[in-house]
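Structural overview
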Amino acid sequence: MAQRLEAREILSSEEMARSLARISHEILERNSRVERVALVGIYTRGVPMAERIAGAIKEFQGEDVAVGALDIGLYRDDISGGVRPTMRPTHLPVNIQGKSVILVDDVLYTGRTIRAAMDALNDFGRPRDIQVAVLVDRGHRELPIKAEYVGKNVPTSADEQVKVRVVEVDGVDQVVILRRDEQ
Amino acid sequence: MTQVRSEPIQSVLGGRRAVVASSPDLSEVPERPEGRRHILDLDDFSPAEILGVMQNADVMKEVLHRDIKKVPTLRGKTVITLFYEASTRTRVSFEQAGKILSADVINVAGDGSSVEKGESLHNTALTLQAMNADIIVIRHPHSGAPHFLARNLDSCVINAGDGQHAHPTQALLDLYTIQSHRGQIDGLKVVIVGDILYSRVARSNLWGLTKMGAQVVLCAPPTLIPPDFLNSSRQVEGHPFASVQIETNVERALEGADVVMALRLQLERQRAGRLPTLREYSRMYGITPKRLELAKPEVLVMHPGPMNEGIEIDPEVAHGARSVIEEQVTNGVAIRMALLYTVLTPRRGGSFPLP
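Within each chain, residues carry numbers counting from 1 in the order of the written sequence. Both sets of labels track the order of writing: A upward for chains, 1 upward for ligands. Whole-chain, interface and lining totals are the exception, using all residues; otherwise, since this is a predicted model, local features are given only for residues with pLDDT of at least 70 and side-chain atom pairs are given and counted only at 80 or more. Side-chain figures throughout are based on the complete set of non-hydrogen atoms in the structure, without hydrogens or water.

**Looking at the confidence of the model for chain B**
Detailed reading of predicted coordinates is not advised where the pLDDT is low. Residue and element names in this part refer to chain B. For every residue, the predictor states its confidence as a pLDDT score lying anywhere from 0 to 100. Of all residues in chain B, 89% have pLDDT values of 70 or greater, and the mean over the chain is 87. Residue contacts are counted whenever heavy atoms from the two residues lie within 4.5 Å of one another. For the stretch residues 1-26, pLDDT sits under 50, and the model shows 59 contacts to residues farther than four places along the chain or on other chains. Long-range and interchain partners of residues 349-355, a stretch whose pLDDT sits below 50, account for 15 contacts in this model, where long-range means more than four residues apart. Confidence metrics for the complex model read pTM 0.89 and ipTM 0.88.

**Focus on the pairing of strand β2 (residues 37-42) of chain A**
Residues and elements named next belong to chain A. Counting buried positions over the six residues of β2 gives six, a clear majority of the element. What you see with β2 is no split at all: V37, L39 and G41 on one side and A38, V40 and I42 on the other are buried throughout. Note that β2 and strand β3 (residues 66-70) share five bridges and pair parallel. Bridge assignment links G41 to a residue of β3, and that residue is A69. The path from the first strand over the helix to the second decides the hand: if it runs clockwise while the strands point away from the viewer, the crossover is right-handed. Secondary structure follows DSSP: runs of H or I at least 4 residues long count as helices, runs of E at least 2 residues long count as strands, and numbering of each begins at the N terminus. Handedness of the β-α-β unit built from β2, helix α2 (residues 46-61) and β3 comes out right-handed. Each residue's exposure class comes from its accessible area (1.4 Å probe, protein chains only) as a fraction of the maximum for that residue type: buried when under 20%, exposed when over 50%, partly exposed otherwise. Whether two strands pair depends on DSSP finding at least two bridges between them.

**Here we look at helix α14 (residues 325-342) of chain B**
Here α14 of chain B contains 18 residues, and its C-alpha end-to-end distance of 25 Å stays within 8% of the 26 Å for a straight helix at 1.5 Å per residue. Among the 18 residues that make up α14 of chain B, 14 are buried, leaving the element largely enclosed by the rest of the structure. The span expected for a helix works out to 1.5 Å for each residue beyond the first.

**Section: the domain arrangement of chain B**
Residue and element names in this part refer to chain B. Residue ranges assigned to the domains are those given by an automatic or database domain assignment. Looking at chain B, the domain boundaries give domain 1 (70-166) and domain 2 (168-324). Across the boundary between the two partners, domain 1 contributes 13 residues, which contact ten residues of domain 2. Between domain 1 and domain 2 lies a buried interface of about 840 Å² when both sides are counted; carbon and sulfur atoms form 50% of it. Using a 1.4 Å probe, buried area is obtained as the accessible area two parts lose upon being combined, added over both of them. Three residues, R89, Q164 and A166, lead the burial of domain 1 against domain 2; their summed loss comes to 55% of the area buried on that side. By definition, a salt bridge exists where a carboxyl oxygen of Asp or Glu is found within 4 Å of a side-chain nitrogen of Lys or Arg. Counting every contact that joins domain 1 to domain 2 gives one salt bridge. Between E85 and R200 there is a salt bridge; the shortest N-O distance is 2.9 Å. Any N or O atom pair separated by 3.5 Å or less is treated as a polar contact, with the protein-specific requirement of one donor-capable and one acceptor-capable atom, and with residues adjacent in sequence counted only for side-chain atom pairs. At the boundary of domain 1 and domain 2, one finds three residue pairs in polar contact (both at pLDDT 80 or more). Sorting the residues of the side of domain 1 that touches domain 2 by element identifies α3 (89-100), β3 (135-140) and β4 (156-162) as the ones contributing at least two each. If you tally residues by element for the side of domain 1 that touches domain 2, the top one is β4, at four residues. Broken down by class, the residue content of the side of domain 1 that touches domain 2 amounts to three nonpolar, six polar and four charged. Three residue categories are used. Nonpolar comprises Ala, Val, Leu, Ile, Met, Phe, Trp, Tyr, Cys and Pro, charged comprises Asp, Glu, Lys and Arg, and polar comprises the others, including Gly.

**Thoughts on the sheet that holds strand β1 (residues 78-83) of chain B**
One key point about sheets: their strands pair by backbone hydrogen bonds, in either a parallel or an antiparallel sense. Residues and elements named next belong to chain B. Strand order in the open sheet formed by four strands is β2-β1-β3-β4, and the pairing between neighbours is parallel. Strands at the two margins of the open sheet, each flanked by one partner only, are β2 (104-109) and β4. Between one strand and the next, the sheet's axes are offset by a mean angle of 15°, whatever the strand orientation. Looking at chain direction, β1 and β3 are connected through five bridges and run parallel. Only the stretch in contact is used when fitting a helix axis, every axis being a line fitted to C-alpha atoms; angles between N-to-C directions are given from 0 to 180 degrees.

**Here we look at the environment of S232 of chain B**
Structurally, the position occupied by S232 of chain B is in helix α8 (residues 231-234). In sequence terms S232 of chain B and I335 of chain B are 103 residues apart; their C-alpha atoms lie 31 Å from each other.

**Notes on the packing of aromatic side chains**
In this scheme Phe, Tyr and Trp rings, the latter by its six-membered ring, pair at centre separations within 6.5 Å, and the angle between planes marks the pair as stacked below 30 degrees, edge-to-face above 60, and tilted otherwise. As enumerated under the stated definition, the model contains two aromatic pairs over all chains in all. Residues W207 of chain B and F241 of chain B carry aromatic rings whose centres are separated by 4.7 Å and whose planes lie at 50° to one another, so their mutual orientation is tilted. Here the residue W207 of chain B occupies a position in helix α7 (residues 200-211), and F241 of chain B occupies one in the loop between α8 and β7 (245-247), the gap between them amounting to 34 residues. For F241 of chain B, a relative accessible area of 8% puts it in the buried group. Judged by centre distance (5.5 Å) and plane angle (25°), the rings of Y281 of chain B and Y285 of chain B are stacked. Residue Y281 of chain B and its partner Y285 of chain B are located together in helix α11 (residues 278-285), separated by four residues, close to a single helical turn. Lysine NZ or arginine CZ positioned within 6 Å of the ring centre and within 35 degrees of the ring normal marks a charge as sitting over the ring. Residue placement shows R138 of chain A over the ring face of Y109 of chain A; its charged tip is 3.9 Å from the ring centre.

**Details of unusual backbone geometry**
With an omega of 0°, the peptide bond running from Y43 of chain A to T44 of chain A counts as cis. Structurally, T44 of chain A is set in the loop between β2 and α2. In this structure, P306 of chain B follows G305 of chain B across a cis peptide bond, with omega equal to -10°. Looking at where P306 of chain B falls in the secondary structure, it is placed in the loop between β9 (300-302) and α13 (315-318). Although it is not a glycine, H140 of chain A sits at a positive phi angle of roughly 65°.

Here it is as structure tokens:
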């Protein structure tokens with residue numbers, strides 16, 4: 001496997017915080033009734049992001065938003081041949097029936113993670129609607145999926161990797177693009 | 001899990017808080033484990049891998065509590081259970097585990113199949129593999145039969161009990177049951193009472209429990225646990241069995257126990273001359289309410305089943321407040337789901353990587 005080199009930072013810690021704040025405002029703008037919203041973070045890094053957005057909404061609006069955590073391991077479409085990641089328990093705080101569920105993930109790429117997450121949600125109930133919030137949209141969709149809330153659109157090539165790091169998991173808030181080293 | 005926050009915005013958005021609420025400590029479990037092809041015994045499992053299986057079993061247990069117990073994980077995969085020995089709970093729990101994960105499960109028993117016509121194990125297995133078995137779950141009266149299949153087949157092989165050798169899925173569900181009650185296995189005193197010499201459950205549990213740091217005491221009449229039982233492994237420097245104690249007096253063994261595991265006394269032992277009478281065994285080694293008082297008040301009573309109530313375990317204990325025997329059965333389904341998920345089935349046709 002080719003070595004990876006850290007090419008450049010595309011979001012600093014401050015920019016990340018600003019992006020999440022903007023996404024929180026946009027969620028409020030689009031969903032007038034906060035009590036009908038459930039934020040569901042997709043493991044790993046979507047979970048702390050969902051909690052931060054909930055914290056921001058609480059700051060801005062003074063209202064609590066339900067926050068959940070979703071593992072898509074059971075719903076992946078690439079189970080053949082691949083390594084099976086260790087799963088984390090799914091917690092949905094409320095019955096999602098009739099709620100506006102906002103799926104939160106770090107990077108939107110092929111769209112297959114979101115598809116798997118929608119399948120998973122479906123097994124828990126019938127949401128009123130499903131929206132998607134991501135920190136980075138890097139393009140290259142393989143499914144008809146779009147994000148309502150995007151921190152930053154980043155044109156990438158397939159040999160690059162977008163890595164979101166969050167304090168809760170990685171000890172630092174940062175988004176970088178890694179490019180394969182061709183030596 | 002509704003969030004109540006009052007931190008200033010910068011700290012909320014800057015994420016200086018500790019880790020996500022209600023997540024277990026994952027520091028020891030690799031997010032992307034190396035993956036394995038076969039599950040033959042616990043001797044080649046690391047503690048981290050065992051913790052990973054238990055963590056996946058937690059996820060599976062959540063599925064077992066849903067109204068609709070079905071997830072698409074193993075759609076299109078074929079699981080064949082190949083049982084050359086009688087079994088109810090192990091076979092049924094593998095079948096249920098496979099079906100909940102949407103695999104196609106086919107059950108083959110020694111009786112009534114071409115095995116009766118004298119077909120060799122190798123040829124039976126090759127036939128099943130030719131029918132696209134992704135995972136073969138085998139129980140066989142001869143120790144080593146699953147290892148033989150693993151060497152000769154492309155399919156994944158899961159050992160569901162081979163002779164007197166190993167029963168890794170039972171040991172993992174036992175570990176999982178202890179872990180889910182106590183939060184850890186390290187440092188617990190676990191007493192295994194009964195037919196140690198012939199028990200594959202005891203052997204696999206010895207590996208699992210010692211790797212997870214339990215203090216294991218084996219207890220049986222001297223005919224079922226020879227004094228030199230662990231001598232060969234004890235000669236190996238740093239062998240995990242070095243800390244295992246052997247005790248022929250059940251009262252002494254039970255003192256201060258955190259977990260008591262009674263093993264089924266196989267009734268043919270008496271015919272083989274290992275025991276004078278079952279009645280005497282029961283009087284000397286049966287787990288009775290009175291004996292259980294010697295253990296810690298919060299002791300867990302376990303049994304791999306099927307039980308001979310009134311012989312190795314008193315019915316009052318088997319169905320009493322300290323018993324987790326029925327829970328072991330439910331946990332068995334969750335653990336076997338986790339194991340079917342874990343083994344890396346051969347790649348067939350197209351697959352699509354997720355980011």
